[in-house]
Every structure is written in structure tokens, then in C-alpha cells.
Amino acid sequence: MACILHIETATDVCSVALSEDGAVLFSKEDHNGPQHAVTLGVFIDEVLSMADSHAKPIDAVAVSCGPGSYTGLRIGASMAKGICYGRNLPLIAIPTLEVLCVPVLLRDDLPEDALLCPMIDARRMEVYAAIYDRALNVKREISADIIDENSYLEFLEKHPVYFFGNGSAKCREKITHPNAHFIEGIHPLAKWMFPLAEK
């Protein structure tokens, strides 16, 4: 197992975490809006100081690679690349929509045949979304979707589909199929990246 630094800046939430052997050692989050250019550097200083003071050699850096805010992703990727270059570490890119799925998969009330549809807001009635099964196998690739009453019907007719992420709230009025379930309060956070980064 490895000691991995995680950086997530794809949405308005900025977060950093450090994991080792499947456990989160450090986690910091800012939910106060897109101020990643200011916040991320402070968080990185804190996590690197913590790792160095506890003699935890960092083996890799994982960064969320989108979809999401272009500016946020650029800030996160630039910081991750700088750390990797300065410390001669490998860089791991983790899809943001998969990061969103991790806290949902940790719930114990999902049916066996459930499908997951993480959504990131892309303005107006458009979202970035993909569909995964519970093993995170891709059932439909990431795309920019304009949401209407017929969105995802081919999946909703056969499976319970769970919608979550900051793009899902605006879809509630349009997606009204009985198999559609909405989960609130799910954000892509650095602390959820470690199972994907270790894999």
C-alpha cells in the first residue's frame, strides 16, 4: 500500500487529503465557493508539513481530472504537477464522476441492480454525467446531457437509478420516473479518492 496525496478541485468545493494503507490520515475541505487559487496552496502546505513531520514519505499524488470547472481543474492539476515534479512522484488522474460515486457506494441500502448517475452542473439544463453499476463498470460513458423528461429512460425502465452531485437537484422536476432516486449532499471530495487512487 502507498501513502498518497489527493487533490480535488473540480467543483466549488476545494479539498485535500492524505491516505495510507486504506485510511485517511489528513483531510481538509472548503465549501465556501470557488476560491481554489487561494485555498489550495494553504491546504497543500498543511498536508505536506503534516506528512514531513510524521516521516510519512508520499508515494504519489492523485488529482481529480474532470469533468468540472475548467478553472478549478487547472488549478488542481497545476499544483499536483508541481508537487510531482518537485518531489519526483508519479501523478494519478481520477475521474471526478467516479469520486462522486464512492460515498454513495459506502451506503448499505443500495439494491444489487442499482445504477449510479453522478452529475456535475454544466449550467442551464445541462449536466456532465455518466452511468455506472455498483462495481463502477461504465454502463454509459461521460457526456454533456441536456436534461428532459426522456433522459436516461433506457436505464430507468430496467433498474433503480440513483442521481447525485451538484447537477442532480435541477433534474428532479424533469426526471420523474418511479425508478429515479435522488441523493442530496454528495460532493467530490479528496477523502473519497483513496480507493480509486490505490487501485
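Residues numbered from 1 in each chain as written. Predicted model: local features only at pLDDT ≥ 70, side-chain atom pairs only at ≥ 80, totals over all residues. Heavy atoms only, no water.

1. Thoughts on the overall build of the protein chain
Then comes step 1: Along the protein chain, the regular secondary structure elements total five helices and 10 strands.
Then comes step 2: Here the protein chain has a C-alpha radius of gyration of 17 Å; the compact-globule value for 199 residues is 16 Å, and the two agree.
Then comes step 3: Considered along the principal axes of its C-alpha atoms, the protein chain spans approximately 55 × 35 × 25 Å.
Then comes step 4: Going through the 199 residues of the protein chain one by one, you find that 49% of them count as buried.
Then comes step 5: For the protein chain, the accessible area works out to roughly 9,700 Å², and carbon and sulfur atoms hold 51% of it. (Helix = DSSP H or I, 4+ residues; strand = E, 2+ residues; numbered from the N terminus. Rg over C-alpha atoms; globule rule 2.2 N^0.38 Å. Buried < 20%, exposed > 50% of the residue type's maximum accessible area, 1.4 Å probe, protein only. Areas by Shrake-Rupley, 256 points an atom, 1.4 Å probe, with all protein chains shown as cover.)

2. Topic: the nonpolar core
Then comes step 1: Core analysis: the largest hydrophobic core is formed by 25 residues, its most contacted members being Ile94, Val104, Leu116, Tyr162 and Phe164.
Then comes step 2: For this core, the elements supplying multiple residues, two or more each, are helix H3 (96-105), strand E6 (115-121), strand E7 (126-132), strand E9 (161-164) and helix H5 (194-198).
Then comes step 3: Sequence-distant contacts of phenylalanine 164, that is, excluding residues within four places in its chain, are made with Leu100, Cys101, Val104, Leu116, Cys117, Pro118, Met119, Ile183 and Ile186.
Then comes step 4: Listed in part, the 21 residues of the second largest apolar core include Cys14, Phe26, Phe43 and Ile58. (Core = buried A, V, L, I, M, F, W, Y, C linked by side-chain atoms within 4.5 Å. Contact = heavy atoms within 4.5 Å.)

3. As for the sheet that holds E9
Then comes step 1: Pairing is mixed in the open sheet, where five strands are placed in the order E8-E7-E6-E9-E10. Two strands bound the open sheet, and with one partner strand each, they are strand E8 (138-146) and strand E10 (180-182). Between one strand axis and the next, the sheet turns through 20 degrees on average, direction left out of account.
Then comes step 2: H3 rests against E6, E7, E8 and E9 of the sheet, and its axis sits at about 130 degrees to E6. (Pairing = 2+ DSSP bridges. Axes fitted to C-alpha atoms, helices over the stretch in contact; angles between N-to-C directions.)

4. Some remarks on the pairing of strand E3 (residues 23-30)
A regular strand places its side chains so that they alternate between the two faces of the sheet.
Then comes step 1: With seven bridges joining them, strand E2 (residues 14-20) and E3 adopt antiparallel strand pairing. Its bridge partner being in E3, leucine 18 is matched across the sheet by phenylalanine 26.
Then comes step 2: Remark: two residues form the turn of the hairpin made by E2 and E3, two consecutive strands paired antiparallel; aspartate 21 in that turn has positive phi of roughly 50 degrees.

5. With respect to helix H1 (residues 36-53)
Then comes step 1: Over its 18 residues, H1 runs 25 Å from end to end, which matches the ideal 26 Å to within 8%, given 1.5 Å per residue.
Then comes step 2: Turning to H1, its buried residues are His36, Thr39, Leu40, Phe43, Ile44, Val47, Leu48, Met50 and Ala51. All buried residues of H1 lie within an arc of 155 degrees about the axis, which places them on one face of the element. Facing away from the buried side of H1 by more than 90 degrees, the exposed set consists of Val38, Asp45 and Ser53.
Then comes step 3: In the segment just after H1, alanine 55 is the residue with positive phi, at about 55 degrees. (Expected span 1.5 Å × (residues − 1). Arc of directions from axis to C-beta.)

6. Some thoughts on the sheet that holds E3
Then comes step 1: Strand order in this open sheet of five strands is E3-E2-E1-E4-E5, and the pairing throughout is mixed. Unpaired on one side and paired on the other, E3 and strand E5 (91-94) mark the two borders of the sheet. Pairs of neighbouring strands in the sheet enclose a mean axial angle of 15 degrees, with direction left out of account.
Then comes step 2: In this structure, strand E1 (residues 3-8) lies alongside E2, joined through six bridges in antiparallel fashion. Each residue of the ladder has a partner; that of cysteine 3, found in E2, is glutamate 20.

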